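Each chain is listed here by its residues.
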Amino acid sequence: MLTGRSLCACVMLTLALPGLTAFAPLPAAAQDPTPPVVQTTPPPAPTPPTAESVPQLPVPPPDEVAQPGPVAAPQPLADGRPAADFGDLSPWGMYRAAHWVVQAVMVSLAFAAFVTWTVLAYKLVELAAARRQVSRSGQVIQEADTLEAASTALTGQRDPAAFMAHSALNEYNRSLRALDVAGPDGVKERTRSLLDRVEVQAGAHLRRGMGIVATIGATAPFVGLFGTVWGIMNAFVGIAESRTTNLAVVAPGLAEALLATAIGLVAAIPAVVIYNHFARAIAAYRQMLGDAAAGVERLLSRDLDFRRIRKPGV
């Protein structure tokens, strides 16, 4: 016969048996680490929506469609220039939109180009007339037999070659009284000095205006570069103020700055070409004067020799 204490122990043992069974070791087949393969089927592909399944939004009538409002006018830049001017990328539009310093550079370069072409037109006419006169007078000197005959044939001519003949004849006449004692060397030396000075003065007369052309050809690119640097500086300031690097904002300012360099090259390149052309033309003109001077010296030497022949007692 069980006592009360024994009965309590049996009940507790009965309640603990399921828990002990849960912690029992599994058989060897149950301890296989390979997971079982589970057969899954892919979900069906979604069906594309049809026109009936897409909800249709109500379309407002044409009268109720919102019309675009007025476009706000572009605000002027910090230096007071209207921003609308940047839309015109023609040379005149870029000039109007440029800073006043860049505009002054462009105007000065345009004036320099005008001066260059004016000098070209004037010098072409002047040099052509000078070459024609010297060629005519030189031909007379070459064909004359005496210095007096050449001077008489060139009466009324005002070109340097005619002036050489007149000056040489004047020096010869002034030295006649000293020829018998001093000899012909002194008159030849004085005549050579006169001819050299006439040649130098004639060349200097034709070179007038060429210094301006040379200065324009040498300085115009740098003046245009100054305008470009100033314009690019203002363009960067505008970029910083607008807080954007959009090409539509950057490009017009850079284009108007580079226009100054373009005008500088337009003024400088013709100036250099014109200066080189006239330098060669003036050198050729001085060579013609040298030929005329040599003819005058030959006439003087011939007159001196014939004077000695005609002198009694020689």
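1. Comments concerning the overall build of the protein
- Counting its regular elements, the protein contains nine helices and zero strands.
- Listing each helix as α and each strand as β along the protein from the N terminus yields α-α-α-α-α-α-α-α-α.
- Per-residue burial for the protein yields a buried fraction of 29% across its 314 residues.
- Intrachain contacts of the protein at a sequence separation of at least 6 include 76% that bridge at least 24 residues.

2. Details of the nonpolar core
- Membership of the largest hydrophobic core comes to 47 residues, with the highest contact counts inside it found for Ile141, Leu147, Met164, Tyr285 and Val296.
- Looking at this core, the elements with two or more residues in it are α3 (100–143), α4 (147–153), α5 (160–174), α7 (185–206), α8 (210–242) and α9 (247–310).
- For this core, the element with the highest residue contribution is α9, accounting for 15 residues.
- Setting aside its immediate chain neighbours within four residues, valine 296 contacts Ile141, Leu147, Met164, Ala165, Ala168 and Leu195.
- Listed in part, the five residues of the second largest apolar core include Met94, Met106, Leu259 and Ala260.

3. Description of the packing of α3 against α5
- Close contact between α3 and α5 brings their axes to 7 Å; oriented N to C, the two are set at 35°. In this structure, α3 contributes Val134, Ser137 and Ile141 to the contact, and α5 contributes Pro160, Ala161 and Ala162.
- Of the residues that constitute the contact of α3 with α5, the class distribution is five nonpolar, one polar and no charged.

4. Focus on the side chain of aspartate 303
- Considering the arrangement of structural elements, one finds aspartate 303 in helix α9.
- Buried within the structure, aspartate 303 lacks any salt-bridge partner; arginine 302 is the closest side chain of opposite charge, at an N-O distance of 6.2 Å.
- Setting aside residues up to four positions removed in sequence, aspartate 303 forms contacts with Thr146, Leu147, Glu148 and Tyr172.

5. Regarding the confidence of the model for the protein
- With 65% of its residues at a pLDDT of at least 70, the protein reaches an overall mean of 75.
- This stretch, residues 16–33, has a pLDDT under 50; its non-local contacts, to residues over four places away or in other chains, come to one contact.
- In the model, residues 81–86 has pLDDT below 50 throughout and makes 19 contacts with residues more than four positions away in sequence or in other chains.

6. Looking at the layout of surface pockets
- Roughly 230 Å³ of volume is contained in the second largest pocket.
- Considering the residues around the second largest pocket, the lining is formed by 14 residues, among which Arg158, Pro160, Ala202, His205 and Tyr285 are closest to the centre.
- Sorting the residues of the lining of the second largest pocket by element identifies α3, α5 and α7 as the ones contributing at least two each.
- With five residues, α7 is the single largest residue contributor to the lining of the second largest pocket.
- Residue composition of the lining of the second largest pocket, grouped by class: eight nonpolar, three polar and three charged.

7. Re the pattern of salt bridges
- Counted under the stated rule, the structure contains four salt bridges.
- For aspartate 196, the salt bridge identified is with arginine 192, shortest N-O distance 2.6 Å. Remark: arginine 192 and aspartate 196 occur in helix α7; sequence separation between them is four residues, near one turn of the helix.
- In this structure arginine 192 comes out as partly exposed when scored by relative accessible area, which is 28%.
- Note that arginine 192 and glutamate 297 form a salt bridge whose closest N and O atoms lie 2.7 Å from each other. Of this pair, arginine 192 sits in helix α7 while glutamate 297 sits in helix α9, and the two are 105 residues apart along the sequence.
- On the accessibility criterion, glutamate 297 (26% relative accessible area) is partly exposed.
- Because the salt bridges share partners, they merge into one network encompassing Arg192, Asp196 and Glu297.

Definitions and cut-offs
Residues numbered from 1 in each chain as written. Predicted model: local features only at pLDDT ≥ 70, side-chain atom pairs only at ≥ 80, totals over all residues. Heavy atoms only, no water. Helix = DSSP H or I, 4+ residues; strand = E, 2+ residues; numbered from the N terminus. Buried < 20%, exposed > 50% of the residue type's maximum accessible area, 1.4 Å probe, protein only. Contact = heavy atoms within 4.5 Å. Core = buried A, V, L, I, M, F, W, Y, C linked by side-chain atoms within 4.5 Å. Axes fitted to C-alpha atoms, helices over the stretch in contact; angles between N-to-C directions. Nonpolar A, V, L, I, M, F, W, Y, C, P; charged D, E, K, R; others polar. Lys, Arg positive; Asp, Glu negative; His and termini not counted. Salt bridge = Lys/Arg side-chain N within 4 Å of Asp/Glu carboxyl O. pLDDT = per-residue confidence, 0-100. 1 Å grid on protein atoms, 1.4 Å probe; cavity = no way out; pocket = protein on both sides within 12 Å on 5 of 7 lines; lining within 4 Å. Points joined across faces, edges and corners; volume = space filled by probe spheres on them.

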